[in-house]
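Survey of secondary and tertiary structure
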Amino acid sequence: MAVGPATIARPAPVEGRPDTLRGLLEREGVFSWLMLAPGVLFLLAFVAYPFFYGIFLSLQDRRVANPGIFVGLANFQSLAHDPVFWQVTRNTLMYVVVTTILKLSGGLGMALVMNQKFRGRNLVRASLLLPFIVPTALSTVAWMWILDPTFSVVNWVLVHGGVISSGFSWLGNASLAMWSLIVVNTWRGTPFYGITLLAGLQTISPDLYEAAAIDGASVTQRFLYVTLPVIKPVLVIVTMFSVIFTFGDFQLIYALTHGGPANATHVFSTWAFDIGMSAGQLGMGAAVALAILPALAVLIVGLTLYLRRE
Amino acid sequence: MTTRRDFLTVSLVATGAALAPRWADAAGKVPKTLTTVRESSFIKAFDDFFVKTLAPEYEKLTGIKVGYEAVSVGGMLTRLTTMAETKSGPEITGVGLNWPFLFDNALVDVSDIAAEVGKKLGGWHEIVQDVVVVNKKWKGLPWGNIGQLEVYRTDWFKEVGVTKFPDTWEDLLAAGRLLKKKGHPFGFEIGHGFGDNHGWMYPLLWSYGGREVDRDGKTVLIDSSETAKAVDFCRKFYQETMFEDVLGWTDVNNNKAFLGEQISCTNNASSILVVAKRDFPEIGKVTDHALNPQGPKGRYHVLNAQSLALLSYAPDQAAAKAFLRWLYDDKQMSRWLAAGDAYYAPFLHAYDNHPMWNPEPRYMPFKESLKTSRPHTWPGPQGTAASESVAKYVLVDMFAKACRGDSTKDVIATAAAQLKQIYKAK
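Residues numbered from 1 in each chain as written. Chains lettered and ligands numbered in written order. Predicted model: local features only at pLDDT ≥ 70, side-chain atom pairs only at ≥ 80, totals over all residues. Heavy atoms only, no water.

1. Let's talk about the sheet that holds strand 9 (residues 287-290) of chain B
Residue and element names in this part refer to chain B. One open sheet accounts for 3 strands, arranged 8-7-9; its pairing is antiparallel. The sheet is open, and its two borders are formed by strand 8 (265-268) and strand 9, each paired with just one other strand. The mean inter-strand angle of the sheet, taken between neighbouring strand axes irrespective of direction, is 30°. Two elements, strand 7 (residues 149-153) and strand 9, share 4 bridges in a ladder whose sense is antiparallel. Bridging across to strand 9, valine 151 finds its partner in histidine 289. (Pairing = 2+ DSSP bridges. Helix = DSSP H or I, 4+ residues; strand = E, 2+ residues; numbered from the N terminus. Axes fitted to C-alpha atoms, helices over the stretch in contact; angles between N-to-C directions.)

Structure, rendered in structure tokens:
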């Protein structure tokens, strides 16, 4: 019996001609761009456009309701000579660095606890998320009362507990005001770390812990050599996001202190708003807002490179 | 709707119906609606009177529906900025302080209406022109001033033997010392609010002869012996009559502290008394107002003029102007002001003895204060530099830093450097 050459299985021909709509949609390149288009358009409209418009504004002497005059880097030069700008820079860095450290450590602790099995775990998980869920404007009002010298529950407890004789000025004292804001931001931001890191923790196979335990690893060693390496990418990403959000924090500070007393709590976002909106200097306001860009860019590029290397 | 043809038909009809009013407007027909936006009033009846009485009356008269958008307190400048930048939104807007100077290019000249209204109603108070007349053109029509005066507890002042509110800053300091010893400190805002800080700090500076900048807008005057005296007094006033928290206060704090019976005196609009009469009648009975004390160089108050302005993007400016003419006619304006419970001191001389002042004599100082009111940064020119100085809290922070212990020389030097940069002075 003559044996003919084996027939090679071919994929079924694409239905429809390439020049019809269906044919076009069947092409992977076209279809993937079509799926990406809404997201890309959204980013272009609400992220890229405002960002580049902000850069454009920062290079102008642009007063509200007036045409702008191109001034190059004059706005940035002017800022460099303004002592308040440097105070705002110091405030922002302190606010971001301290809150990030506190939120990171607090969130990690929260995630480790929530990863344990105990009664009412789901209820605790849900309630710990509350600070993150409650609108900032609303929770800030509550904090206004908590930190109010007259009606402060903290002062009341301290005074009636015999710890102090008169209440602290949580928002009137320059140092205390900054620390008060740091506490509020940490309270609000820790659940974000907690829940994200918890998701990372839950991907760790129990086998790894068992193997480590058999090898005689202590709890600390298991954390350092099993937990931490596995959740490191999540840790880096959540820190990056949090730093970006904290750099741009506005509502909390604006509502509680509006940058006072004597600029002690002004950060880039609140100061930019005052200059851009209250003073009507949109160009200078944009320059202030963009002043955080180099620091953020270095951070983002650095963390991204680190992630890729990992 | 069962077929694609049905869907298309319904969509086209709906789109046509939605666009029809625009096409009609474009064809030159009278608009069916006008909208006014302004900061919501502390006196609810004032907003209500516009919405429930004035707007329906105008609609009945002309067929034009007048919308009213009340922006939350402190948010009007942001709203106006958005409107001016996007050239869209309500046709008529509320403006405060020196905003007509900031938005000059976006506002219509309403000098013709101002002249007519002034002629009919006894003329305008001269000082208000400093904040609404830009390059000899009226860019806003003022209706009232929200004064910032001394608010104090009469019973506690009497307890320390002060039966009449002190006439000078030094006398107020003396009274404050006694009251603080009695557990009734003063509470004047020295933080980053938007009104109650400037409300007494500019008058304090002026009353000692200090000035931020000269009327030429180029000569910074803050570094003077007069300013030093004002700063020294402020430090003493804070340390001997107040407590630390006032350094971080915003505008809500002094109201809360006064109504919480924590302070005996502050600088505020009449809102404290309004709330006290409504919610804390016992406190209301022992609360009164007084003019700011005078210093060695006089007595001053800040001008906080509230006006209505017309946006230049309004599609039918003639219709909007017609509405403003109607609104500023005595028949309407008089009733609207009366609804405001004397919260707004009118800038028209015909209302100097308006019946609105009769029911509550404790509001009379607000009328009196108009004579000695000056715009922020006076005598400097109004404009973006003046706004920048206010927005950067140059004066407030100068006093605040002195209160927390910095030297007079240092705080003045810092303020002078900031003002020179702002005013581009040498």
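There is more to say, and it comes next.
2. With respect to the pairing of strand 7 of chain B
All names here are of chain B. Strand 7 sits mainly inside the fold: 5 of its 5 residues count as buried. As paired strands, strand 7 and strand 8 are joined by 4 bridges and run antiparallel to one another. The residue bridging glutamate 150 from the neighbouring strand is asparagine 267, located in strand 8. (Buried < 20%, exposed > 50% of the residue type's maximum accessible area, 1.4 Å probe, protein only.)

3. Quick word on the pattern of salt bridges
Residue and element names in this part refer to chain B. According to the stated counting rule, one finds 26 salt bridges over all chains in the structure shown. A salt bridge links glutamate 261 to arginine 153, with the shortest nitrogen-to-oxygen separation between them at 2.8 Å. In this pair, glutamate 261 sits in the loop between helix 11 (251-259) and strand 8 while arginine 153 sits in strand 7, placing the two residues 108 residues apart along the sequence. Assessed through its relative accessible area of 3%, arginine 153 is described here as buried. Taken together, the shared-partner salt bridges in this structure form one network comprising Asp112, Glu116, Lys321 and Arg325. (Salt bridge = Lys/Arg side-chain N within 4 Å of Asp/Glu carboxyl O.)

4. Observations regarding the interface of chain B and chain A
Listed per partner, the contact involves 33 residues of chain B and 38 residues of chain A. Together chain B and chain A conceal approximately 3,100 Å² of surface at their shared face, both sides included; 54% is due to carbon and sulfur atoms. At the boundary of chain B with chain A, the tally comes to 3 salt bridges. A salt bridge links arginine 62 of chain A to glutamate 85 of chain B, with the shortest nitrogen-to-oxygen separation between them at 2.5 Å. Those elements giving two or more residues to the side of chain B that touches chain A turn out to be helix 3 (76-86), helix 11, helix 17 (384-391), helix 18 (394-404) and helix 19 (408-422) of chain B. A total of 5 residues in the side of chain B that touches chain A trace back to one element, the largest contributor, which is helix 3 of chain B. The residue makeup of the side of chain B that touches chain A, split by class, is 10 nonpolar, 13 polar and 10 charged. (Contact = heavy atoms within 4.5 Å. Buried area = accessible area lost by both parts, 1.4 Å probe. Nonpolar A, V, L, I, M, F, W, Y, C, P; charged D, E, K, R; others polar.)

5. Topic: a nonpolar patch on the surface
Residues and elements named next belong to chain A. Taken together, the side chains of Leu21, Leu25, Phe31, Leu34 and Met35 make up a nonpolar region of the molecular surface, amounting to roughly 500 Å² of accessible area. Sorting the residues of the nonpolar patch by element identifies helix 1 (21-26) and helix 2 (28-58) as the ones contributing at least two each. With 3 residues, the top contributor of residues to the nonpolar patch is helix 2. Among the structural elements, leucine 34 can be located in helix 2. The partly exposed category is assigned to leucine 34, whose relative accessible area is 44%. (Patch = residues over 30% accessible without salt bridge, like charges linked within 9 Å, V, L, I, M, F, W, Y side chains within 5 Å. Areas by Shrake-Rupley, 256 points an atom, 1.4 Å probe, with all protein chains shown as cover.)

6. Side note on the confidence of the model for chain A
For chain A, per-residue confidence averages 88 on the pLDDT scale, and residues scoring 70 or more make up 93% of the total. Confidence, expressed as mean pLDDT per element, reaches its minimum in chain A at helix 1 of chain A with 80 and its maximum at strand 2 (residues 69-70) of chain A with 96. (pLDDT = per-residue confidence, 0-100.)

7. Some words on the side chain of histidine 301 of chain B
Residue and element names in this part refer to chain B. Mapped onto the fold, histidine 301 is located in strand 10 (residues 301-302). A polar contact of 2.8 Å, which involves the side chain of histidine 301, links it to the side chain of threonine 372. In contact with histidine 301, other than residues within four places in its own chain, are Gln148, Leu149, Pro203, Trp206, Leu291, Asn292, Ser369, Thr372, Ser373 and Arg374. (Polar contact = N/O pair within 3.5 Å; in protein donor to acceptor, adjacent residues only side chain to side chain.)

8. Remarks on helix 12 (residues 271-279) of chain B
Counting along an α-helix, one turn takes 3.6 residues, and residues three or four places apart therefore face a common direction. Residues of helix 12 of chain B that are buried include every one of Ser271, Ile272, Leu273, Val274, Val275 and Ala276 of chain B, and no others. On its buried face, helix 12 of chain B sits against strand 7, helix 11, strand 8, helix 13 (281-285) and strand 9 of chain B.

9. Here's the deal with the packing of aromatic side chains
Enumeration according to the criterion identifies 49 aromatic pairs over all chains in this entry. Sitting over the ring of tryptophan 145 of chain A, lysine 256 of chain B keeps its end group 4.2 Å from the ring centre. Positioned over the ring face of tryptophan 378 of chain B is arginine 374 of chain B, at 5.3 Å from the centre of the ring. (Phe/Tyr/Trp six-rings, centres within 6.5 Å; stacked < 30°, edge-to-face > 60°. Lys NZ or Arg CZ within 6 Å of the ring centre and 35° of its normal.)

10. Comments concerning the environment of glycine 123 of chain B
Its place among the elements puts glycine 123 of chain B in the loop between helix 5 (111-120) and helix 6 (129-132). It is 7.5 Å that separates the C-alpha atoms of glycine 123 of chain B and alanine 350 of chain B, two residues lying 227 residues apart in sequence.

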